[in-house]
Amino acid sequence: MARILNLSRRHFLQSTSAATAFVLGAQIAPDVIMAAVRGAEFAQPNHFVRIDRDGTVTITCSRSEMGQGVRTGIPMILADELEADWSRVRIWQAPGDPEKYDPAGKDKQNTDGSRSTRHHFTVMRELGASAREVLERAAAEQWGVDPGEVRARHHRLHHDPSGRSLDFGEVVETAADLEIPDYQDGARPALKTEGEWKYIGKSMPVVDNHDMSAGTATYGADVRVPGMKIAVVARPPVYRGRALKFDATDALKIPGVERVIEIPPLPADQPAEFRALGGIAVVGTNTWSVTRGREALKIEWDSGPFGSFESETFDDALRRAAANAASVIRHRGDVDAALAEADQVVEAEYFVPFFTHAPMEPPVALVDATRKPVRVWAPTQAPTETRQYVAEALGMDMADVECNVTLLGGAFGRKSKPDFACEAAILSREIGAPVRVQWTREDEIRHGYYHGASAQYLKAGLDADGRVTAWHQGAAWPTLFALWNPAQKSGSALEAGMGLVDLPYDRIPNIRIATGETDVMIRVGWYRSVNNIQHAFATNSFAWELARATDRDPVDLMLELIGDAETLDLGKDGVEEIWNYGDSIEDWPIMPKRLANALRIVARESGYGRSLPDGHGLGVACHRSFHSYVATAVEVAVAADGTLSIPRVDVAIDCGRYVNPEGVRKQMEGACIYGHTLARHGKITTKSGAVQQSNFHDYPVTRMSDGPLDVRVHLIDDYVHLRPCGVGEPGVPPYAPALANAIFEATGKRCRSLPITRDDIVS
Amino acid sequence: MISFTVNGTRHEVDGDPEMPILWYLRDELGVTGTKFGCGRALCGACTVHLDGAPVRSCTTPLRAASGKQLTTIEGLHPEANHPVQKAWREHNVPQCGYCQSGQIMSAAALLARNPRPSDAEILTAMEGNICRCGTYQRILAAIRTAASEV
């Protein structure tokens, strides 16, 4: 447990600002240390809550807002314990500085892995409660009464025996002079009981609602600084390719184009990581001119080492690797013997292609490298790594780079990788002016960090009663760790830990899970829900197939396979490394009973088993990811020509303690649309190493008319007393298998490859 | 010389008449509520009104605005209280918010010409606006609400 203590007596600093504020910070080095500081004590703001004399409460959000509602949810936690009036709360977006703004001390301020709420919940409560205790003592001191008689309620301090009260702002100066209690030896500020919460667990609109509806919210490309130039970059069509030569004559004739500069290719022996890969940049005064300038460039490209990469051939290799997967990562009983004795053996192969993220805001970054510290403004999920890689690109120390985080116009994992900021940094230094690098949609689709394609081969044995006695699952995918180690052919515990090694079917007596190897010839990176997508797809589809092969009800069979165990102990199955989303298995155990509960709830709420019109089918899937348990029921309507619509979706989510139920519902609604895209549309292919898609006409995503418009979200309260779990990603994985199962129910067609096309359904 | 108004203010442009309205707004005027999403009129993030009609500003050249009234999200209502904007907030539509300027402009244009659209008419009008966060069901609900108020 983190140690909390009063760092020091408060420091009286002469602030040039007239306003005195009470400021409470959390410092993390290496433990959580609470400090009362005053006003401009630190050169950099260093606090999580600040209360000004007018009573305005400013709460720091240290995570990136990309639509998941983090700028609302995390401050709600602190505001609740503080007894703040939400209408008087302002949010301040922290720059990248994990030593100050990573209160859990282990995330580097990265916003990914659906971990923001679970890693902030306790520390934000304690910060809010600490501040509240100090305000109560300050009021007591002003009145000359016993602090035990003062209570904070709704932004005021009340002394009920005398009926007096003061606004938070009226005690700020006294509070700033008070010592924070030493929270040592496990002592903690007194937290509210659940029944006393005003905001936690209650639906709140997002704090940016007004700005987003008014067009005044600030995203990456909305930042402007004096003297700024705009650039677009022609990048090698093939990953790790390079420009052999280029002719900029025509480009430079275009009004508004000022410079054409080569960003040097990354040396061949340096892994891609999040670095700029090189290209020819056109720099000028406006986006239109430089885009036309780029079109006018004449460039001769060298394809580099991956010019022969054909995704079609690669897909076949993946299938063979999955079928021959030999590296056993989980083993229970004797699968081969059980298969030999089985009354029935069923096998199937599942395939999921490469995807790209396609956030509505393409990557963009503004960097001013003409000054020190260098300034970055970017819609980044990873402000720390942005500083790190920009510093490296400039040959500077990370301490000499600042990163300001704008709103993110969607991200889905793409904006964890700051290659685009590195490009802007290199160009800014080269031309001696601030530079915004704007990626076009074509750039985003052709130069992504792709979700790796995957193949899985499954084989199960069943006895005469239809009980599953053996389960073999072989999987192969290009690992995202090739970003750091390009020669790595095997998957990682992190990727296998997303729904593969932690197969939830605890009641099967014989289990073998194995992985195969594959080359990585394209830039692979994490994408919303990551490997859970394919693992949930194969597992849930195959379980449904087993049920239908034996005339059993699929949901009954799934419940039988999952069982109701309190926890799943993978160590007993010889699993050596359990990644568990970066968290301890003790704090966030794998709990089959919660998955079963979610499945039962979605079956009940969706009316599973109800009679449906002709051509309709209801399919169900469930999956644990990011510690949450989500079950999804999709109703599909399939027309005779194979076109389909989704009349209704039900989603049951158990994410433990939730902060903003409206936010959870929105994430589930959106996850179904995201899931619908990858189930029906998204597919990246390559020819001679180059990505063949370029924009939304050939990389389509779900539009309003083809996705679900009636998603009913059922928040599960049965385990709300347990720790918060992820919300941003867990809604995605169950959607595609639920849809595939629904299509089977409607048509009898089993679709084992994504995306599911009309031909798959009518063939 | 191209002459038109942007949110009621007169502008005269001497530059390239082929420049898409989007980049004139964003890069020349610094009016940034209108967003860039695809550059090919495929996603609707850049939707603005020309004499009240929705157009994709990323592919509509400046010359097409000649003599017309151009309205962006900033000019839809002085306090951002157009019925569509109010309904957007009532239904908590936005997630990342990036596409929402374009969504709101498409919805406002729909209701201006068809104050009581059917759901099918809403879907048709909004088909060109992509939301990758997946807020469509709230967009539909918000347009239904706004339709009862315009």
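Each remark here, short or long, concerns the structure printed above.
These figures come from a predicted structure and were not determined experimentally.

## Comments concerning the overall build of chain A
Thought 1: Looking only at helices and strands, chain A has 19 helices and 28 strands in total.
Thought 2: The C-alpha atoms of chain A give a radius of gyration of 28 Å, which matches the 27 Å a tight globule of 763 residues would have.
Thought 3: Projected onto the principal axes, the alpha-carbon positions of chain A cover approximately 80 × 70 × 45 Å.
Thought 4: Here chain A holds 763 residues, and 59% of them are scored as buried.

## Considerations on the environment of A:Ala322
All names here are of chain A.
Thought 1: With respect to the helices, strands and loops of the structure, Ala322 is situated in helix H8 (residues 311-323).
Thought 2: Sequence separation between Ala322 and Val762 is 440 residues, and the spatial gap between their C-alpha atoms is 28 Å.
Thought 3: What Ala322 contacts, discounting residues up to four positions off in sequence, is Ala455, Gln456, Tyr457, Gly474, Ala475, Ala476 and Gly516.

## With respect to the sheet that holds strand E21 (residues 468-476) of chain A
All names here are of chain A.
Thought 1: Pairing within the open sheet is mixed, and its five strands lie in the order E14-E22-E21-E20-E15. A single partner strand is all that each edge strand has here, and the edge strands are strand E14 (327-332) and strand E15 (344-352). Ignoring which end each strand starts from, the neighbouring axes of this sheet average 10° apart.
Thought 2: As judged from the five bridges shared by E14 and strand E22 (residues 510-515), these two strands associate in the antiparallel manner. Across the sheet, residue Ser327 finds its bridge partner in E22, namely Thr515.

## Overview of the packing of helix H2 (residues 83-90) of chain B against helix H5 (residues 136-147) of chain B
If you want to describe how two helices pack, look at the angle between their axes and the distance between the axes.
Residue and element names in this part refer to chain B.
Thought 1: Packing of H2 against H5 brings their axes to within 8 Å, and their N-to-C directions diverge by 135°. One way to sum up the angle between H2 and H5 is to call them oblique. When you trace H2 past H5, the crossing you get is right-handed. Residue-level inspection shows Pro83, Val84, Ala87, Trp88 and Glu90 of H2 in contact with H5, the latter providing Ala142, Thr145 and Ala146.
Thought 2: Tallied by class, residues from the contact of H2 with H5 come to six nonpolar, one polar and one charged.

Calculation criteria
Residues numbered from 1 in each chain as written. Chains lettered and ligands numbered in written order. Predicted model: local features only at pLDDT ≥ 70, side-chain atom pairs only at ≥ 80, totals over all residues. Helix = DSSP H or I, 4+ residues; strand = E, 2+ residues; numbered from the N terminus. Rg over C-alpha atoms; globule rule 2.2 N^0.38 Å. Buried ≥ 20, exposed ≤ 12 C-beta atoms within 10 Å, placed from the backbone. Contact = placed C-beta atoms within 7 Å. Pairing = 2+ DSSP bridges. Axes fitted to C-alpha atoms, helices over the stretch in contact; angles between N-to-C directions. Parallel < 35°, antiparallel > 145°, perpendicular 65-115°, else oblique. Left-handed = near helix turned anticlockwise from the far one by under 90°. Nonpolar A, V, L, I, M, F, W, Y, C, P; charged D, E, K, R; others polar.

Purely spatial values, then, with no claim about function.
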